[in-house]
Amino acid sequence: AERLNNRETFEFILSSIDLTTLNPTDTEQHAGTLAARVNRFNETYPDLPNVAAICVYPTLIKAVRKNLQVEEVKVASVSGGFPSSMTFLEVKKSETRMALNEGANEIDIVLPLSLFLAGNYAEVVNEITALKKICGEVILKVILETGALKTPENIWKASMLAMQAGADFIKTST
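Because the structure is a prediction, the values reported are computed rather than measured.

**So, helix H4 (residues 89-102)**
- Counted at 1.5 Å a residue, the expected span for H4 with its 14 residues is 20 Å, and the 20 Å between its end C-alpha atoms agrees.
- Check the buried side of H4 and you find it contacts helix H3 (61-67), strand S3 (74-78), strand S4 (106-110) and helix H6 (121-135).
- One or two steps after H4, the chain reaches Gly 103, where phi turns positive at roughly 115°.

**Brief notes about unusual backbone geometry**
- At the junction of Phe 82 and Pro 83, the peptide bond is cis and its omega measures out at 5° in the coordinates.
- Residue position: Pro 83 is located in the loop between S3 and H4.
- Of note in this structure, Glu 145 is not a glycine but carries a positive phi near 55°.
- Structurally, Glu 145 can be placed in the loop between strand S5 (139-143) and helix H7 (146-149).
- A positive phi angle, near 70°, is found at Lys 150, a position not held by glycine.
- Mapped onto the secondary structure, Lys 150 falls in the loop between H7 and helix H8 (152-164).

**What about the packing of H4 against H6?**
- H6 packs onto H4 with a crossing angle of 25° between their chain directions and a minimal axis gap of 10 Å. For the element pair H4 / H6, the angle class is roughly parallel. The two elements H4 and H6 meet at a crossing, and its hand is right-handed. Taken together, the residues of H6 that come into contact with H4 (itself represented by Leu 89, Lys 92, Lys 93, Thr 96, Arg 97 and Leu 100) are Asn 126, Glu 127, Ala 130, Leu 131, Ile 134 and Cys 135.
- Here the contact of H4 with H6 is built from residues that sort into six nonpolar, two polar and four charged.

**Description of the pairing of S4**
- The buried fraction of S4 amounts to five of the five residues, a majority that puts the element mostly inside the structure.
- The pairing of S3 with S4 spans three bridges and is classified as parallel. If you follow Ser 77 over to S4, its bridge partner there is Ile 107.
- In this fold, S3 hands off to H4, which returns the chain to S4; that crossover is right-handed.

**A short note on the sheet that holds S4**
- One open sheet holds the six strands; their spatial order is S1-S2-S3-S4-S5-S6, and the pairing between them is parallel. In this open sheet, the two edge strands, each paired with only one partner strand, are strand S1 (18-20) and strand S6 (169-171). Neighbouring strand axes in the sheet, compared pairwise and without regard to direction, differ in orientation by 25° on average.
- Strand direction decides the pairing type here: S1 and strand S2 (residues 53-56), joined by three bridges, are parallel. Note that in S2 the partner of Asp 18 across the bridge is Ala 53.
- With respect to the sheet, H6 is in contact with S4 and S5, its orientation differing from that of S5 by roughly 155°.

Reading guide: rules and limits
- Residues numbered from 1 in each chain as written.
- Predicted model: local features only at pLDDT ≥ 70, side-chain atom pairs only at ≥ 80, totals over all residues.
- Heavy atoms only, no water.
- Helix = DSSP H or I, 4+ residues; strand = E, 2+ residues; numbered from the N terminus.
- Expected span 1.5 Å × (residues − 1).
- Contact = heavy atoms within 4.5 Å.
- Axes fitted to C-alpha atoms, helices over the stretch in contact; angles between N-to-C directions.
- Parallel < 35°, antiparallel > 145°, perpendicular 65-115°, else oblique.
- Left-handed = near helix turned anticlockwise from the far one by under 90°.
- Nonpolar A, V, L, I, M, F, W, Y, C, P; charged D, E, K, R; others polar.
- Buried < 20%, exposed > 50% of the residue type's maximum accessible area, 1.4 Å probe, protein only.
- Pairing = 2+ DSSP bridges.
- Right-handed = clockwise from strand over helix to strand, strands pointing away.

Dropping the structure here:
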């Protein structure tokens, strides 16, 4: 642990953060203000890397895009019936396409927990694979909801299924 307690490690962590706002009260103004804060970060802290992405709901992608001036910061969007993943696959696919059309550089989805917990592992893979196909080269991150999975065995199995299905990253929870 001591070898990780250094500036290089902390800079790497900072550059890996998705600055996120996913509140039902978020507005275009709020999303624009968040982007403006990211724009100012390098002026205030010129020796530190910026965040990796700003993550918002699909309807706020344009507001972030309009205000974000830092090219290396991506615009991420939740999709796929976030946060529950409890909707039809066709809706998830449509929402993902729409988020990409709005300008998302990354897509975050939640593992379809109801399918996983019912043992429908092939359907879990099918859904994630279908969404990754729509994403193409765009990064797809799968949120596992490890608290709901409860056991290390379930977390391991969900991780393997998500990666098998094409997830570029796996995340712990919302």
